[in-house]
Amino acid sequence: MSRDITFGQFYPANSFVHKMDPRAKLVLVIAYIVAVFLVKSLYSYIAIAVFLIAAVLGSRVPVKSVLKSVRGILVIVILTAILNIFFFSGGERVLFSWWKIKITVEALLFALHMALRLIFLVIGTTLLTLTTTPINLTDGMESLMSPLKLIKVPVHDLAIIMSIALRFIPILIEEVDKIMLAQKARGADFESGGLIKRAKALLPVLIPLFISAFRRADELALALDARCYNATPKRTKYKVLKLGWRDAVGVIILAILIAAIAAVNASFWGLFGFSFGV
Amino acid sequence: MSVEIKNLSYTYSVGSPFQKDALHGISVTINEGEMVGIIGSTGSGKSTLVQHINGLIKLTSGSIKVYDIDLTAKKPDLKRLRSMVGMLFQYPEYQLFEETVLKDVAFGPMNFGATKEEALAAAEEAIRLVGLDFDEVKDKSPFELSGGEKRRAAIAGVIASKPKILVLDEPTAGLDPIGKREILNLILSLKKAFVKTVIMISHNMDEIAEFCGRVLVLSEGRLIADCTPAELFEKEYSLEGTGLTLPHTVNIKRLLGQKGLSLKGDTLSAPALADAIAEALRRRV
Amino acid sequence: MGIIELKNVSFDYESDNTLSRGVKNLSLTIEKGSFVVLLGHNGSGKSTLAKLLNGFLLPGEGDVFINGINTKEKERIFEIRTKVGLVFQNPDNQMVASIIEDDLAFGPENLGVPRDEIIKRVDWALDAVKMSEYRSGTPYKLSGGQKQRIAIAAILAMLPEILILDEATAMLDPRGRAEVMETAKRLNKENKMTVIHITHYMDEAIDADEVIVLNDGEIAIQGSPEFVFGHPEIIKEAGLELPTATKVAGLLREKGFDIPLVLRDEELAEAVCQLR
């Protein structure tokens, strides 16, 4: 089981997006999410789609891998769409009426709007994890968070916590495997029975795992002390992140995207209008 | 015949980019009463091989029969199989979990269908058998025991259902010389009790030499040697690539042979070697 | 004065639940540049001693001096921990980063070493343990021996004068143990590092400059390997076993043959042939 897990779905490739500074990618993803939420017209989704296609091409990740992430949420998307279609109120152009249930054109459009929003959000954020290793991400987050040091947020400690967690995830996964095998050899059954029975059956795995995790933490604490953790508040940094031209390009492209969305919003209905007609 | 393996092959993660051949056409028959050692470097397939014997790994190619249970059948009775084949993993103390030692040791029998009374009785017997003070440890949390006691408690948990075959993966790993001796003696005493056949994975050649009557050597998923320890050490080449070294007794015998003094008879243990050297020297004089 | 001095050191654990006992009135001198092997069965006090040597534990009685500094001097504890590097038993539970060079940089980063200097140290440490090609890799796929060598490198990056291996070979297979021993010996010979190797494997003590046997928190015997292994009764009482060659030589002596004390297989073969 553990052999197949590529943690964080990272897809190794030598691409433009892969080489971008993780901080830029993090900021751009946040800006992208904001952009998607800004969308008021379905036409804007064309702009977003163009942006995503460019991003996927620039990441050299096979489309199949990207779409796999959507597959995961497909059920939610369809469910959301259906709920929206039936429970949307305030629509005028009725298409279909039956008893108390009224389906309007507006409802259909709204459902489409929500579905597309979900899908594009997932694709955009997945691109982040596909093109950035977990270590890179934590380095980026630590760097972005460093201004928080001024208000006494323990940024470095948090970064070490994240780094250690990442380091131990594959180890703990392997340990779960081993413990499960050992308990199975003693007749434990993890497959049959209802939900409660199966949950109880996991105790012989979870308890040793927890104990083991705490033991490791104990030993790791000694190792940290031996390497003089917190010897001085004046820590230095080995790995330095450097912004490059690619990051500038990314910012420009995203800025264009946001401008396009804003323009579409403004031109159709005025800046504070509210409609999503076609 | 207690375990019969024919043409066993196994591939991990078929169809994925992680696909890896772990075993190639292994055939071996282990008879009741044997004490078999399995050696090989990391990745040679030792664990994969033994985990087929109690069905932890599903048979995909080849055939395996353990006593009357045929693993090629559609739905082999894995519960009964696992009650017959006890398996002790490396550092077994890390699988203890119950509130009390007694309950933990009773886990196996309970799973295999014993009633609560039967399971507790079996657990008590097992705890005594491994040399722990029953009255002292039965209500203790397993986590309160010392390292050596924990390992014994884990062993008790594995033998509580009186398995006929005992598979051990590096049973003496991490122990000091006294601890190693104690565990090995425990295994021998279990063999005298109800365990008929012992299969032991080890990288400690001295242990293999002293305790096993037969040794299987695995390399890159293939069985490259199946003989007695003495025979194995004659064919020194088989150890190449396994990262294992000759036991000292064998090395000394070899060095003496190179200098023209040949020894006769068993020389695998230190006393036996001393006897053989004494005999050879007296012959010369 | 040796680089390490223990004067009448005693330490007791508060809860005497486990077999792990402390040390009793221990006095010890370790000379700079020596390769010392500390032998003892589990519970003999060897781990306690290791922790006393780098200030993890402070003696209840007596004093521990590292290069003249008393471990009780709280303000200088990091100075001591920089001088005394400690490598532990479990290869996995000593690494904090998913990339090897990041893990090596951790110690120097903590000490505020300037970045250029860190780069130099990481390069040097990896080379010293012969793992340079793995610098950008992940520790996950390494063998036990390789992981321990990385752990040693991570300590080396702090430029210690003393390297303590606290049962660092106990969880390794024979190949891994050989790798670690070879690395430790090389560091001792070429880099003049004082090495204290704590173990229960007799084989690893044969080439030491000095062997110290602990039993029940006290020094049972100390001296050269030949001296120590020449006292089989004390060894046995300490819960340890003699090297095979020594054992066989002893048995032959009991049978009336004139075999001297030997430690290595080759020495025994040589001695036996002398008798012909």
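Just so it is clear, the model here is predicted, and its values are computed rather than measured. (Residues numbered from 1 in each chain as written. Chains lettered and ligands numbered in written order. Predicted model: local features only at pLDDT ≥ 70, side-chain atom pairs only at ≥ 80, totals over all residues.)

Caption draft 1: Just the overall build of chain A, in detail. Within chain A one finds 9 helices and 2 strands. When the helices and strands of chain A are listed from N to C terminus, the series reads α-α-α-β-β-α-α-α-α-α-α. The C-alpha atoms of chain A give a radius of gyration of 24 Å, which is well past the 19 Å a tight globule of 278 residues would have. Of the contacts formed within chain A by residues at least 6 apart in sequence, a portion of 78% connects residues at least 24 apart. (Helix = DSSP H or I, 4+ residues; strand = E, 2+ residues; numbered from the N terminus. Rg over C-alpha atoms; globule rule 2.2 N^0.38 Å. Contact = placed C-beta atoms within 7 Å.)

Caption draft 2: The interface of chain C and chain B, seen in detail. On the side of chain B, 29 residues touch chain C, which itself brings 31 residues to the contact. At the level of elements, helix 6 (174-190), helix 9 (244-254) and helix 10 (265-274) of chain C are the ones that each hand at least two residues to the side of chain C that touches chain B. Classifying every residue of the side of chain C that touches chain B by side-chain character gives 15 nonpolar, 8 polar and 8 charged. (Nonpolar A, V, L, I, M, F, W, Y, C, P; charged D, E, K, R; others polar.)

Caption draft 3: Region of interest: the sheet that holds strand 3 (residues 35-39) of chain C. Residue and element names in this part refer to chain C. Within the open sheet, the 6 strands sit side by side as 6-7-8-3-9-10. Their pairing is mixed. With partners counted over all chains shown, the strands left at the sheet margins are strand 6 (84-87) and strand 10 (218-223), one partner each. Going across the sheet, the axis of each strand differs from the next one's by a mean of 15°, ignoring polarity. Across 5 bridges, strand 7 (residues 162-166) lies against strand 8 (residues 194-199) in parallel orientation. Along strand 8, the bridge assignment pairs leucine 163 with valine 195. Contacts between helix 5 (residues 144-156) and the sheet are confined to strand 6 and strand 7, with strand 6 contributing the most and set at about 160° to the helix. Lying over the sheet, helix 6 contacts strand 3, strand 7 and strand 8, oriented at roughly 155° with respect to strand 8. (Pairing = 2+ DSSP bridges. Axes fitted to C-alpha atoms, helices over the stretch in contact; angles between N-to-C directions.)

Caption draft 4: Focus on the environment of Gln148(C). Residue and element names in this part refer to chain C. Residue position: glutamine 148 is located in helix 5. Once the C-alpha coordinates of glutamine 148 and methionine 131 are considered, the two residues, 17 residues apart in sequence, prove to be 11 Å apart. Excluding anything up to four places from it in sequence, glutamine 148 contacts Val87, Pro91, Ala168, Leu172, Gly176 and Val180.

Caption draft 5: Geometry of the pairing of strand 10 (residues 222-227) of chain B. All names here are of chain B. The pairing of strand 9 (residues 214-219) with strand 10 spans 5 bridges and is classified as antiparallel. Its bridge partner being in strand 10, leucine 216 is matched across the sheet by aspartate 226. Hairpin connection of strand 9 to strand 10: 2 residues between the antiparallel strands, including glutamate 220 at a positive phi of 50°.

Everything listed here is a matter of coordinates, which is why it stays silent on function.
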